[in-house]
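# Architecture at a glance
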Amino acid sequence: MNLRNPFTRPGRWYKANLHTHTTTSDGLQNPSEVAEAYHKAGYHVLALTDHHKTNDVRGLSGKNFLVISGLEYHPHCNGSREPHHLVAIGVPYGFGFDRLEPADANACIAAVKAGGGVTFLAHPLWCGHRYDMYSYLRDLVGVEVYNSTCGRRGRPDSEADWCHLLDAGRILPALAVDDSHGGDDRFDGWVWLRMGSLTLRSVMSALLSGCYYSSTGPKIHDFRVRRGVAEVSCSPVRCIYFSAHSCFGERRQAEPGRSIRKFSAPVGEKWRYVRAIVVDHAGKKAWTNPIIL
Ligand SMILES: [Zn+2]
Ligand SMILES: [Zn+2]
């Protein structure tokens, strides 16, 4: 996947939750109630991704607010009783798999693509899936790095899975989502999409190029590599990391009781990629997608 650095692209930031449930599957509120809640909370993009079923999203968008049709699907995972959890974004209302879904995950991903959509891998850690159980999946456009609903069971964080994919040369971006089913599981993980306009086409383009970053709180203002130096600036945080493949990377930590807002470090000779992670005083994180070196 050819990633675009959102911090060097024109446009503006749009806040998005791309994994959400409603009464169409196992959520507590109907699609219009869910859309209203995210709109009021300041989101610009919401994907409704009910289990196995799409929603008719006509009439749910509003001023500076776009609702997108998607679904979460569950093809069989070799070596596990728990099926894959895959999220399709951008498939039209009425889209379905007929008999494809239980058997063949890659055929499902291909069907999503043929239907105009894209697929990302949801919460592999919560599923108990190891790298060898999902590494055969083709044409993924991302992996969840954080899922707040999985956090209710103590497994919100799939960053290790993302690292396994990146270190194996599978250059994928990662997403934070809240996977809300209604109630108090909302607004705890999101992505900031960098786009020229608020349209479905722009969202799909951002997803296909990783032109966004993920957060559970902090804001990242800039991240780039210039003349061999990685640089990041952000809202006040306790710690900033540059993570490269396997054991490589750098860290800057604030003095006790203080905050830092930026960090720069020379890119190591052996680094294959670099990405930035910032952690605030409440433990909330934000993650950039990688820059390939
Ligand atoms: Zn799921
Ligand atoms: Zn879900």
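## Some thoughts on the overall build of the chain
For the chain, the count of helices and strands is seven helices and 17 strands. The C-alpha radius of gyration computed for the chain amounts to 18 Å, which stays within 12% of the reference 19 Å derived for 293 residues, consistent with globular compactness. With respect to the principal axes defined by its C-alpha atoms, the chain has extents near 55 × 45 × 35 Å. With 293 residues in all, the chain has 54% of them scored as buried. A separation of at least 24 residues holds for 63% of the contacts in the chain among residues at least 6 apart in sequence.

## Thoughts on the domain arrangement of the chain
What the domain assignment reports for the chain is domain 1 (6-214) and domain 2 (220-292). Computed from C-alpha coordinates alone, the two centres of domain 1 and domain 2 are separated by 25 Å. Opposite the 20 residues of domain 1 that make contact, domain 2 presents 19 residues. Between domain 1 and domain 2, roughly 1500 Å² of surface is buried when both sides are summed, and carbon and sulfur atoms account for 52% of that area. Among the residues of domain 1 in contact with domain 2, Phe7, Asp167 and Tyr213 are the three that bury the most area, contributing 36% of the side total. For the pair domain 1 and domain 2, the interface holds four salt bridges. We note a salt bridge from Asp157 to Lys285, for which the minimum N-O separation is 3.8 Å. Seen at the junction of domain 1 and domain 2, the total is twelve residue pairs in polar contact (both at pLDDT 80 or more). Elements that contribute at least two residues to the side of domain 1 that touches domain 2 include exactly β6 (140-147), α6 (159-167), β7 (174-177) and β9 (212-215). Tallied by class, residues from the side of domain 1 that touches domain 2 come to 13 nonpolar, three polar and four charged.

## Thoughts on the pattern of salt bridges
Inspection of the entire model under this criterion finds eleven salt bridges. Of the charged contacts, one joins Arg58 and Asp56 as a salt bridge, the two residues approaching to 2.8 Å between their closest N and O atoms. When its relative accessible area of 70% is taken as the criterion, Arg58 is described as exposed. Using a relative accessible area of 31% as the deciding quantity, one classes Asp56 as partly exposed. It is possible to trace a salt-bridge network through shared partners that takes in Asp157, Glu159, Arg275 and Lys285.

## Topic: the nonpolar core
Ranked by size, the top nonpolar core spans 33 residues in total, and within it Ile220, Phe223, Val232, Ile240 and Phe242 carry the most contacts. Taken domain by domain, the makeup of this core includes at least three residues from each of domain 1 (6-214) and domain 2 (220-292). Judged by nonpolar contacts, the second largest core, of 31 residues, contains Leu71, Leu121, Leu140 and Leu165.

## Quick notes on unusual backbone geometry
Here His52, not a glycine, exhibits a phi torsion of approximately 70 degrees, which is positive. Residue placement: His52 occurs in the loop between β2 (45-48) and β3 (66-73). Although it is not a glycine, Asp179 adopts a positive phi angle of roughly 50 degrees. Note that Asp179 resides in the loop between β7 and β8 (190-195). For Asp179, a relative accessible area of 4% puts it in the buried group.

## Considering the packing of aromatic side chains
Counted according to the given criterion, the structure contains twelve aromatic pairs. Each ring, one from Trp13 and one from Tyr213, has its centre 5.3 Å from the other, and the planes form 80 degrees; the classification is edge-to-face. Placement of Trp13 in strand β1 (residues 12-17) and of Tyr213 in strand β9 is noted, with a sequence separation of 200 residues between them. Geometrically, the ring pair formed by Tyr73 and Phe97 is tilted, given 4.7 Å between the ring centres and 40 degrees between the ring planes.

## A closer look at the coordination of the zinc ion (ligand 1)
A metal bound by six donors in octahedral fashion has ideal angles of 90 or 180 degrees, whereas one bound by four tetrahedral donors has an ideal angle of 109.5 degrees. All of the protein donors around the zinc ion (ligand 1) are Glu72 (OE), His85 (ND1) and His123 (NE2); their distances to the metal are 2.0 to 2.2 Å. All donors of the zinc ion (ligand 1) come from a single chain, and their spacing in sequence reads E-x12-H-x37-H. Between the zinc ion (ligand 1) and the zinc ion (ligand 2), a spacing of 3.6 Å is present, and a bridge between the two is formed by Glu72. In this pair, Glu72 sits in strand β3 while His85 sits in the loop between β3 and β4 (86-89), placing the two residues 13 residues apart along the sequence. Each member of the pair, Glu72 as well as His85, carries the same accessibility label: buried.

What counts, and where the lines are drawn
Residues numbered from 1 in each chain as written. Chains lettered and ligands numbered in written order. Predicted model: local features only at pLDDT ≥ 70, side-chain atom pairs only at ≥ 80, totals over all residues. Heavy atoms only, no water. Helix = DSSP H or I, 4+ residues; strand = E, 2+ residues; numbered from the N terminus. Rg over C-alpha atoms; globule rule 2.2 N^0.38 Å. Buried < 20%, exposed > 50% of the residue type's maximum accessible area, 1.4 Å probe, protein only. Contact = heavy atoms within 4.5 Å. Domains from an automatic or database assignment. Buried area = accessible area lost by both parts, 1.4 Å probe. Salt bridge = Lys/Arg side-chain N within 4 Å of Asp/Glu carboxyl O. Polar contact = N/O pair within 3.5 Å; in protein donor to acceptor, adjacent residues only side chain to side chain. Nonpolar A, V, L, I, M, F, W, Y, C, P; charged D, E, K, R; others polar. Core = buried A, V, L, I, M, F, W, Y, C linked by side-chain atoms within 4.5 Å. Phe/Tyr/Trp six-rings, centres within 6.5 Å; stacked < 30°, edge-to-face > 60°. Donors = N, O, S within 2.8 Å, 3.2 Å for Na, K, Ca; no water.

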